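Topology and contacts: notes
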Amino acid sequence: MRLYVLVATGALRRYATYRVATVAGLFTNIVFGLIIAYTYVALWHLRPHLGGYTLPQAVTYVWVGQGLLAATAIMGGGFEDELAERIRTGDIAIDLYRPADLQMWWLAQDLGRAVYQVAARGVVPLFAGAFFFDLALPANPLVWAAFLVAVLLGLVVSFAIRYLVALAAFWLLDGKGVAQVAGLAATFWSGMLLPLNAFPGLLGQIARALPWSSMLQLPADVLLGTRSGWGTLGAYAFQAGWAALLLALGRLLQSAATRRVVVQGG
């Protein structure tokens, strides 16, 4: 376990060195946050309480999404491109022979990256949003603690999905197409464009049942108070269930890929 803590710490320090990129990312988050927030204002004036949110809750949802965008790597920027490239070049064979679990290694690295992004690009957008809008932020520190637990579980689900996407490079000549499709799917189904609670009928039920809802929709609901008590525990169970299932599927693909590398190497 100490090895993976060191890997996570190293990843955090690695991303912390890119200060200019962090500032540029914050600027982008704030600009897009303003565009989306004012769009929500217009939409909620036409449809008050859309998705069960008040206008302050809806605008808060926007800034929570901007704060988690980099951490969850919904639009890319995580480990998956590096892992896919190592698979393409064959360097992955070295990784598979290391005395460390491949999935745990990349999970630790991605969590280190995500922790830095939450700290560096998660707080400032909320302050920016509070400067321009009336946000529905909770005063109870226990709600913030519950929110952070939901964020952590969402990060694990995000990793598990992207790990599967990266492993697809073992069987494809170019995994970029899969990565692009996965990015579009994550953007839509996570609720980054519009809260999943606002999706109508069967579409909304499907959207909320998919794993991508763990990345933004559920953490936001916990923070906004639309899930509390047993509802919060239900959200945790949903996220943990998807995380366990996707990580197990990743292990199956990892085992199949390892056998393939061993056979080809032999």
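Scroll up to find the structure this text is about.
A few points on the structure.

Cut-offs applied
Residues numbered from 1 in each chain as written. Predicted model: local features only at pLDDT ≥ 70, side-chain atom pairs only at ≥ 80, totals over all residues. Heavy atoms only, no water. Helix = DSSP H or I, 4+ residues; strand = E, 2+ residues; numbered from the N terminus. Rg over C-alpha atoms; globule rule 2.2 N^0.38 Å. Buried < 20%, exposed > 50% of the residue type's maximum accessible area, 1.4 Å probe, protein only. Contact = heavy atoms within 4.5 Å. Patch = residues over 30% accessible without salt bridge, like charges linked within 9 Å, V, L, I, M, F, W, Y side chains within 5 Å. Areas by Shrake-Rupley, 256 points an atom, 1.4 Å probe, with all protein chains shown as cover. Salt bridge = Lys/Arg side-chain N within 4 Å of Asp/Glu carboxyl O. Axes fitted to C-alpha atoms, helices over the stretch in contact; angles between N-to-C directions. Parallel < 35°, antiparallel > 145°, perpendicular 65-115°, else oblique. Phe/Tyr/Trp six-rings, centres within 6.5 Å; stacked < 30°, edge-to-face > 60°. Expected span 1.5 Å × (residues − 1). Core = buried A, V, L, I, M, F, W, Y, C linked by side-chain atoms within 4.5 Å.

Remarks on the overall build of the chain
In terms of regular secondary structure, the chain is built from 12 helices and 0 strands. Ordering the α and β elements of the chain from the N terminus gives α-α-α-α-α-α-α-α-α-α-α-α. Computed over C-alpha atoms, the radius of gyration of the chain comes to 19 Å, within 12% of the 18 Å expected from 2.2 N^0.38 for 266 residues, which places it in the range of a compact globule. Dimensions of the chain, computed from the C-alpha atoms along their principal axes, are close to 65 × 40 × 35 Å. Among the 266 residues that make up the chain, the fraction classed as buried is 47%. At a minimum sequence separation of 6, the contacts of the chain that also span at least 24 residues come to 79%.

Quick notes on the environment of alanine 169
Tracing the backbone shows alanine 169 in the loop between α8 (141-167) and α9 (176-189). On the basis of relative accessible area, alanine 169 is assigned to the buried category, the value being 13%. For the pair alanine 169 and leucine 3, spaced 166 residues apart in sequence, the C-alpha separation works out to 26 Å. Those residues in contact with alanine 169, other than ones at most four positions away along the chain, are Ala84 and Ile87.

So, the environment of proline 195
Note that proline 195 resides in the loop between α9 and α10 (201-209). Residues proline 195 and serine 213 lie 18 residues apart in sequence; the distance between their C-alpha atoms is 9.5 Å. Apart from residues no more than four positions distant in its own chain, proline 195 is found in contact with Tyr40, Trp44, Tyr53, Tyr61 and Gln217.

Quick look at a nonpolar patch on the surface
Nonpolar side chains collect at one region of the surface, where Phe27, Val31, Phe32 and Ile35 lie side by side and expose about 400 Å² of accessible area between them. Residue classification places phenylalanine 32 among the partly exposed positions, given a relative accessible area of 46%.

A closer look at the packing of helix α6 (residues 102-121) against helix α7 (residues 123-132)
Contact geometry of α6 with α7 gives a least axis separation of 4 Å together with a crossing angle of 25°. In terms of orientation, α6 lies roughly parallel with respect to α7. Of the residues in α7, those in contact with Val118, Ala119, Ala120 and Arg121 of α6 are Val123, Val124 and Pro125.

Some details on the pattern of salt bridges
This structure, assessed with the given rule, holds 6 salt bridges. A salt bridge links glutamate 82 to arginine 14, with the shortest nitrogen-to-oxygen separation between them at 3.7 Å. Linking glutamate 82 in helix α4 (residues 80-89) with arginine 14 in helix α1 (residues 2-16), this pair joins segments that are 68 residues apart in sequence. On the accessibility criterion, arginine 14 (37% relative accessible area) is partly exposed. Of the charged contacts in the structure, one is a salt bridge between arginine 251 and aspartate 101, with a shortest N-O distance of 2.8 Å. Of this pair, arginine 251 sits in helix α12 (residues 230-265) while aspartate 101 sits in the loop between α5 (92-96) and α6, placing them 150 residues apart in sequence.

Focus: the packing of aromatic side chains
Scanning all chains against the criterion turns up 13 aromatic pairs. Both rings, one in tryptophan 144 and one in phenylalanine 147, keep their centres 6.1 Å apart while their planes meet at 85°; by these two values the pair is edge-to-face. Of this pair, tryptophan 144 and phenylalanine 147 both sit in helix α8, 3 residues apart, roughly one helical turn. Judged by relative accessible area, which is 26%, tryptophan 144 ranks as partly exposed.

A closer look at the environment of valine 59
Assignment of secondary structure puts valine 59 in helix α3 (residues 55-72). Judged by its relative accessible area of 2%, valine 59 is buried. Sequence-wise, valine 59 and alanine 128 are 69 residues apart; in three dimensions their C-alpha atoms are separated by 12 Å. When sequence neighbours within four positions are dropped, the list of residues in contact with valine 59 reads Ala37, Val41, Phe133 and Leu135.

Re helix α2 (residues 19-46)
The end-to-end C-alpha distance of α2, which contains 28 residues, comes to 41 Å, matching closely the 40 Å that a straight helix rising 1.5 Å per residue would cover. Three or more residues of α2 are buried, namely Thr22, Gly25, Leu26, Asn29, Gly33, Ala37, Tyr40, Val41 and Trp44. Lining the buried residues of α2 we find α3, α6 and α7.

Remarks on the nonpolar core
With 64 residues, the main nonpolar core has Trp63, Val64, Leu83 and Tyr163 as its most contacted residues. Of all the elements, α8 adds the most residues to this core, at 14 residues. Beyond its immediate sequence surroundings of up to four residues, tryptophan 63 is in contact with Asn29, Ile30, Gly33, Leu34, Ala37, Pro125, Leu126, Ala128, Gly129, Phe133 and Leu135. Residues Tyr4, Val7, Ala100 and Ala108 belong to the second largest nonpolar core, which totals 5 residues.

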